[in-house]
Amino acid sequence: LKLCSHEEAVKTLKSIKGIGDKVANCISLYGLHHIEAFPIDVWMKRVLSEYYDNKFDTALYQGYAGIVQQYMFYYIRHVHGINN
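Predicted, not measured: the structure shown is a model, and the values here were computed from it.

S.K.: Would you mind going over the overall build of the protein with me for this structure?
M.R.: Assigned secondary structure in the protein consists of four helices and zero strands. Moving toward the C terminus, one meets the helices and strands of the protein in the order α-α-α-α. Taking 2.2 N^0.38 as the reference for a compact globule, 84 residues should give roughly 12 Å; the C-alpha atoms of the protein span a radius of gyration of 13 Å, in line with that estimate. With respect to the three principal axes, the spread of C-alpha positions in the protein is 35 × 30 × 20 Å. Residue burial in the protein is summarised as follows: out of 84 residues, 32% are buried. A total of about 5700 Å² of accessible surface is found on the protein, and carbon and sulfur atoms cover 56% of it. The averaged location of the 8 negative side-chain charges in the protein is 8 Å from the averaged location of its 9 positive side-chain charges.

S.K.: Help me understand the nonpolar core in this model?
M.R.: If you look at soluble globular proteins, the nonpolar side chains tend to sit buried side by side. Counting residues in hydrophobic clusters, the biggest one holds ten residues: F38, W43, M44, V47, L48, F56, A65, V68, M72 and I76. Breaking this core down by element, the ones donating at least two residues are α3 (42-52) and α4 (65-79). Setting aside residues no more than four positions away along its own chain, F56 makes contact with F38, L48, Y61, V68 and M72.

S.K.: Can you help me understand a nonpolar patch on the surface in this one?
M.R.: A cluster of nonpolar side chains, namely L60, Y61, Y64, I67 and Y71, defines an oily patch on the protein surface of about 580 Å² accessible area. Residue classification places Y64 among the exposed residues on the basis of a relative accessible area of 52%.

S.K.: How do you make sense of the environment of T58 when you look at a structure like this?
M.R.: Here T58 shows up in the loop between α3 and α4. Taking relative accessible area as the criterion, T58 reaches 33% and is therefore assigned partly exposed. If we skip the residues at most four places from it in the chain, T58 touches F38 and A65.

S.K.: Would you mind showing me how to read the packing of aromatic side chains here?
M.R.: Each aromatic ring pair is summarised here by two numbers: the centre-to-centre distance and the angle between the ring planes. This structure, assessed with the given rule, holds four aromatic pairs. Taking the centre distance of 5.5 Å and the plane angle of 15 degrees together, the rings of F38 and F56 count as stacked. Note that F38 is positioned in the loop between α2 (21-31) and α3 and F56 in the loop between α3 and α4, a separation of 18 residues in sequence. For the pair shown, F38 and F56 are each scored as buried. A ring pair is formed by Y52 and F56, whose centres lie 4.9 Å apart and whose planes are at 75 degrees; its orientation type is edge-to-face. Taken together, the ring pairs connect F38, Y52, F56 and Y61 into an aromatic cluster. Just above the ring of W43 sits the side chain of R46; from NZ or CZ to the centre is 4.5 Å.

How each quantity is defined
Residues numbered from 1 in each chain as written. Predicted model: local features only at pLDDT ≥ 70, side-chain atom pairs only at ≥ 80, totals over all residues. Heavy atoms only, no water. Helix = DSSP H or I, 4+ residues; strand = E, 2+ residues; numbered from the N terminus. Rg over C-alpha atoms; globule rule 2.2 N^0.38 Å. Buried < 20%, exposed > 50% of the residue type's maximum accessible area, 1.4 Å probe, protein only. Areas by Shrake-Rupley, 256 points an atom, 1.4 Å probe, with all protein chains shown as cover. Lys, Arg positive; Asp, Glu negative; His and termini not counted. Charge placed at Lys NZ, Arg CZ, Asp CG, Glu CD. Core = buried A, V, L, I, M, F, W, Y, C linked by side-chain atoms within 4.5 Å. Contact = heavy atoms within 4.5 Å. Patch = residues over 30% accessible without salt bridge, like charges linked within 9 Å, V, L, I, M, F, W, Y side chains within 5 Å. Salt bridge = Lys/Arg side-chain N within 4 Å of Asp/Glu carboxyl O. Phe/Tyr/Trp six-rings, centres within 6.5 Å; stacked < 30°, edge-to-face > 60°. Lys NZ or Arg CZ within 6 Å of the ring centre and 35° of its normal.

Quick look at the structure:
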């Protein structure tokens, strides 16, 4: 899976019972180092809603959205007083 594209890795991972979009994207980003992956959990939904009016375009970061996602995740948790 590490040698596949991010899209192919996510598709393959989601074929495993119990793995959905979030988990497949987390595995792709953190385990397979596909830094274009952009996992969306409760915290990411919050930052996208509060700061981007749910109009964040990952295409602007051409292959590096996962790096941006990590900063956004850290930031929103910090703002809400949750230490990582």
